[in-house]
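The residues making up each chain are set out below.
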Amino acid sequence: MPRALITGVTGQDGSYLAELLLAKGYEVVGMVRRTSHHSYERIEHLLDRIEIVAADLLDQHSLTVVLQDTRPDEVYNLAAQSYVPTSWSQPVLTGEFTALGVTRILEAIRLVHPSARFYQASSSEMFGKVTETPQRETTSFYPRSPYGVAKVYGHWITVNYRESYGLYAVSGILFNHESPRRGIEFVTRKVTDGVARIKLGLSRELRLGNLDARRDWGFAGDYVEAMWRMLQRELPVDYVVGSGETHSVRELVELAFGRVGLDYHDYVVSDPRFYRPAEVDVLLADPAKARRELGWSPRVGFAELVAMMVDADLKRLGSGLP
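No experiment lies behind these values; they were computed from the predicted model shown.

Participant: Can you walk me through the overall build of the protein in this structure?
Facilitator: Counting secondary structure elements, the protein contains 10 helices and 13 strands. In terms of C-alpha radius of gyration, the protein reaches 19 Å, essentially the compact-globule figure of 20 Å for 322 residues. Within the protein, the proportion of its 322 residues that are buried is 54%. The contacts of the protein with a sequence gap of at least 6 include a subset with a gap of at least 24, amounting to 78%. Treating the 37 positive side-chain charges of the protein as one cloud and the 41 negative ones as another, the clouds have centres 1 Å apart.

Here it is as structure tokens:
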């Protein structure tokens with residue numbers, strides 16, 4: 001029975017990946033920070049089926065011990081400080097977790113368990129001020145936030161450990177992927193939660209930043225399968241993973257309000273406080289290589305994703321849950 005270690009198992013992607021791997025017959029070990037205040041809400045239904053271990057991306061020794069003790073076949077590094085606005089207010093901490101944290105895990109693998117296959121969660125935010133559209137594996141990086149910069153470091157250190165030490169280490173350059181389990185601070189979930197609150201009479205307006213920013217959005221449950229497929233190939237190769245479609249925040253808002261029969265113009269306020277210091281205007285994936293070599297393509301479309309998220313927030317808030 002193969003064994004996988006997932007850092008960031010309590011997050012959106014970690015929970016979907018844990019479900020996928022369990023369904024494939026894996027033993028799943030989830031890594032959490034001992035000092036973390038994150039709830040186990042997303043993996044509560046899995047806690048009797050996975051092993052939880054404590055370690056910290058800031059502490060080399062704890063990572064080495066976990067690798068030594070669990071000896072996983074596959075390691076998925078999904079833990080990070082992953083919220084772009086927070087990376088502006090906490091740039092050094094973002095670098096520690098999102099950049100140097102990758103190095104610490106790779107070093108632990110190199111020292112005690114070099115046969116493990118390693119997946120690094122790279123990000124479309126590395127492209128930032130894009131040099132070409134759409135973005136593919138060969139597109140140069142131009143990050144526009146401390147988060148994006150840290151992800152570029154994590155990406156290149158993964159390449160370096162692969163090429164220097166012969167580790168099976170790959171990066172998935174994933175474009176935006178959402179779900180009902182997305183953190184409330186991210187714009188998609190902020191919108192669907194806001195729509196549900198307005199529909200249920202719990203709120204009267206929704207304040208957002210740049211409605212014209214465009215992203216390539218997909219369903220997180222689809223994207224974790226691409227992660228797994230990357231580690232099943234004979235040779236370690238990096239891939240861009242996305243839908244190949246771009247949509248504006250305005251389209252997102254229109255669909256979400258339309259789902260509950262409301263006109264967004266009556267409720268949405270564009271607030272300059274929510275604009276980024278340096279905006280990333282258009283991110284659009286060219287996932288041709290992943291489709292061709294991994295046999296991967298997204299199953300859930302944009303409109304279906306928005307509807308799924310609105311319905312989930314209506315159900316949650318209608319049940320009186322926070």
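Participant: Can you help me understand the pairing of strand β1 (residues 3-7) in this one?
Facilitator: Looking down a regular strand, the side chains alternate between one sheet face and the other. With 4 of its 5 residues buried, β1 lies for the most part within the structure. Tracing the backbone out of β1, into helix α1 (residues 12-23) and back to the parallel element strand β2 (residues 27-32) gives a crossover that is right-handed. Looking at chain direction, β1 and strand β4 (residues 74-77) are connected through 4 bridges and run parallel. Looking at β4, one finds that T7 is bridged to N77.

Participant: I keep staring at the environment of H265 and nothing clicks. Help me out?
Facilitator: With respect to the element layout, H265 can be found in the loop between α8 (249-259) and β13 (268-270). For H265, a relative accessible area of 57% puts it in the exposed group. Residues H265 and E254 lie 11 residues apart in sequence; the distance between their C-alpha atoms is 8.8 Å. Polar side-chain contacts of H265 include one of 2.8 Å to the side chain of D263.

Participant: What is the right way to read helix α10 (residues 302-318) from this model?
Facilitator: Taking 1.5 Å per residue as the helical rise, α10 with its 17 residues ought to reach 24 Å, and the 24 Å between its terminal C-alpha atoms agrees with that figure. For α10, the complete set of buried residues consists of F302, L305, V306, A307, M309, V310, D313, R316 and L317. Among the structural elements, β7 (177-178), α6 (187-199), β10 (218-219), β12 (247-248) and α8 are those in contact with the buried residues of α10.

Participant: What is the right way to read the pattern of salt bridges from this model?
Facilitator: Counted according to the given criterion, the structure contains 22 salt bridges. Residue D212 is joined to R250 by a salt bridge in which the shortest nitrogen-to-oxygen separation is 3.1 Å. In this pair, D212 sits in the loop between β8 (206-208) and β9 (214-215) while R250 sits in helix α8, placing the two residues 38 residues apart along the sequence. R250 sits in the partly exposed class, given a relative accessible area of 29%. Residue R214 pairs with E251 through a salt bridge whose shortest N-O separation is 3.3 Å. Of this pair, R214 sits in strand β9 while E251 is found in helix α8, placing the two residues 37 residues apart along the sequence. Counted as one network, the salt bridges with shared partners bring together R189, D193, R197, D313 and R316.

Participant: Would you explain helix α2 (residues 60-70) in this entry?
Facilitator: For α2, the set of buried residues is S62, L63, T64, V66, L67 and T70. Elements that come into contact with the buried residues of α2 comprise β1, β2, β3 (51-54), β4 and α4 (91-112).

Participant: Is there a simple way to explain the nonpolar core in this structure?
Facilitator: When a protein is soluble and globular, its nonpolar side chains tend to lie buried together. Membership of the largest hydrophobic core comes to 39 residues, with the highest contact counts inside it found for I6, L17, L21, Y76 and Y119. The greatest single-element share of this core, amounting to 7 residues, is contributed by helix α7 (residues 220-230). The residues contacting Y119, other than those within four sequence positions of it, are V75, Y76, N77, L78, V170, S171, G172, L174, M227, M230 and L231. Membership of the second largest hydrophobic core comes to 24 residues, among which are M31, V66, A108 and Y161.

Participant: Help me understand the pairing of β2 in this model?
Facilitator: Burial analysis of β2 places 5 of its 6 residues in the buried class, which makes it a mostly covered element. When β2 meets β3, the two strands line up parallel, connected through 4 bridges. The residue of β3 that forms the bridge with M31 is V53.

Participant: How do you make sense of the environment of E137 when you look at a structure like this?
Facilitator: Here E137 lies in the loop between β5 (117-123) and α5 (146-165). C-alpha of E137 to C-alpha of A285: the two residues are 148 residues apart in sequence and 9.4 Å apart in space. The contact partners of E137, leaving out residues within four places of it in the chain, are D238, Y239, V240 and K289. Within the local environment of E137, its side chain forms a polar contact with the backbone nitrogen of V240, the two atoms lying 2.8 Å apart.

Participant: Is there a simple way to explain the sheet that holds β5 in this structure?
Facilitator: Hydrogen bonds along the backbone pair up the strands of a sheet, which may run parallel or antiparallel. Spatial strand order, β3-β2-β1-β4-β5-β6-β11: 7 strands in an open sheet with parallel pairing. Each edge of the open sheet carries a strand with a single partner, namely β3 and β11 (239-241). For this sheet the average axis-to-axis angle between neighbouring strands, irrespective of direction, equals 25 degrees. As paired strands, strand β6 (residues 168-174) and β11 are joined by 3 bridges and run parallel to one another. Looking at the pairing, G172 lines up with Y239 of β11. Across the sheet, α7 is in contact with β4, β5, β6 and β11; its angle to β6 comes to roughly 155 degrees.

Conventions and cut-offs
Residues numbered from 1 in each chain as written. Predicted model: local features only at pLDDT ≥ 70, side-chain atom pairs only at ≥ 80, totals over all residues. Heavy atoms only, no water. Helix = DSSP H or I, 4+ residues; strand = E, 2+ residues; numbered from the N terminus. Rg over C-alpha atoms; globule rule 2.2 N^0.38 Å. Buried < 20%, exposed > 50% of the residue type's maximum accessible area, 1.4 Å probe, protein only. Contact = heavy atoms within 4.5 Å. Lys, Arg positive; Asp, Glu negative; His and termini not counted. Charge placed at Lys NZ, Arg CZ, Asp CG, Glu CD. Right-handed = clockwise from strand over helix to strand, strands pointing away. Pairing = 2+ DSSP bridges. Polar contact = N/O pair within 3.5 Å; in protein donor to acceptor, adjacent residues only side chain to side chain. Expected span 1.5 Å × (residues − 1). Salt bridge = Lys/Arg side-chain N within 4 Å of Asp/Glu carboxyl O. Core = buried A, V, L, I, M, F, W, Y, C linked by side-chain atoms within 4.5 Å. Axes fitted to C-alpha atoms, helices over the stretch in contact; angles between N-to-C directions.

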